[in-house]
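Fold and contact review
Read off the chains here:
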Amino acid sequence: MPAPTCASCQAARAALRRPRSGQALCGACFCAAFEAEVLHTVQRGRLLPPGAVVAVGASGGKDSTVLAHVLRALAPRLDITLHLVAVDEGISGYRDAALAAVRSQAASWELPLTIVAYADLFGGWTMDAVARSTAGSGRSRSCCTFCGVLRRRALEEGARRVGATHIVTGHNADDMAETVLMNFLRGDAGRLARGGGLGSAGEGGALPRCRPLQLASQKEVVLYAHFRRLRYFSRECSFAPEAFRGHARQLLKLLEAARPSAVLDLVHSAERLALVPAARPPRPGTCSRCGALASRALCQACALLDGLNRGRPRLAIGKGRRGLDEELEDAGPGPESRGSGSAAAESKAIPAAPPVPLGTGEGGGRAGAWEL
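Residues numbered from 1 in each chain as written. Predicted model: local features only at pLDDT ≥ 70, side-chain atom pairs only at ≥ 80, totals over all residues. Heavy atoms only, no water.

**Some points on the overall build of the chain**
When helices and strands are counted, the chain shows 14 helices and 10 strands. Going through the 372 residues of the chain one by one, you find that 52% of them count as buried. When contacts within the chain are restricted to residue pairs at least 6 apart in sequence, long-range pairs at least 24 apart make up 71% of them. Surface summary for the chain: the accessible area is close to 17100 Å², and the carbon and sulfur share equals 53%. (Helix = DSSP H or I, 4+ residues; strand = E, 2+ residues; numbered from the N terminus. Buried < 20%, exposed > 50% of the residue type's maximum accessible area, 1.4 Å probe, protein only. Contact = heavy atoms within 4.5 Å. Areas by Shrake-Rupley, 256 points an atom, 1.4 Å probe, with all protein chains shown as cover.)

This is the structure in structure tokens:
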């Protein structure tokens, strides 16, 4: 049976049917429609104002590759300047190849690239070192928790180095639906409350962040990369199989097979979620160590590094965080009174930020594990 004619141009043969709408389009018309939808998302949400200097979180994978390519095409209409920022987590046999893909993309698109490394920012800690530290603690699955928190902080630092006014990441609809589902399964009302919207306006000095691909399905991201002939790194991280996200992903696939709209339904449910006052997270303050936004005495990044430096990697994860908070209350705010014996090393792990007044935003721009 021959392929139908493209429903848009009425000339070329259709190359695909859009997964959600069923509309038959040729490759060129699909790519044009995809870019127009991203443009609409950015403009409707007022995510990137004219004149913005945008740090694109570049990992070399399909999502960040498509995001950078689309924003590069839309940059003249949006009047924005792009700068790629990549993070070297220090994962042997994985990140080097991904960074090679990022360098190739930057050269091909003539976009500036800055790479920031965990080892330089966090007192010598890399993800390989974190994995070795947590291996005997029964917390091997926590590697993705450490990486998510530290990567968020590293991306913020890289964006500041290049003078960016905004940060964009390549989270697509499937990523966001998985996050919402994980937070529901864990009963994490705080993260559910912060998970809606297309990003954050920035709070407490944090740079505004947004996700222009949040309403685009993973299937269409892959199709766009295929028709635009984009080359990207596609190997899975060696720590990913241990992550809880994998279970949420499997469940979401089953839900989507039964109900194709399940992904966007979950994304929109997070946007419209309203919590009773007692369940709303407290208004954040600032980290006593680095000055970043935090809901406790230490932000999540400093707390995780504190546990690693003490040889207690569980300290800031799950119920272990309660014990850390009690220690900080007993010890007081000064690093010299915490009694860890490694305060000097910890204070060097994350550069101190200048004190800034609290702003008004959605809370999603905070430094912490609000996006996994």
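**Regarding a nonpolar patch on the surface**
A cluster of nonpolar side chains, contributed by L185, F244, L251, L254 and L255, occupies part of the molecular surface with about 450 Å² of accessible area. Examining the composition of the nonpolar patch, we find that 3 residues originate from one element, helix α10 (residues 245–258), more than from any other. Mapped onto the elements of the fold, L185 is located in helix α7 (residues 173–186). (Patch = residues over 30% accessible without salt bridge, like charges linked within 9 Å, V, L, I, M, F, W, Y side chains within 5 Å. Salt bridge = Lys/Arg side-chain N within 4 Å of Asp/Glu carboxyl O.)

**Looking at the pairing of strand β5 (residues 113–117)**
Consecutive side chains of a regular strand alternate in pointing toward one face of the sheet and then the other. Bridge count for strand β4 (residues 81–88) against β5 is 5 bridges, and the pairing is parallel. From the neighbouring strand, V85 faces β5, where its bridge partner is T114. Following the chain from β4 across helix α3 (residues 95–109) to the adjacent parallel β5, one finds a crossover that is right-handed. (Pairing = 2+ DSSP bridges. Right-handed = clockwise from strand over helix to strand, strands pointing away.)

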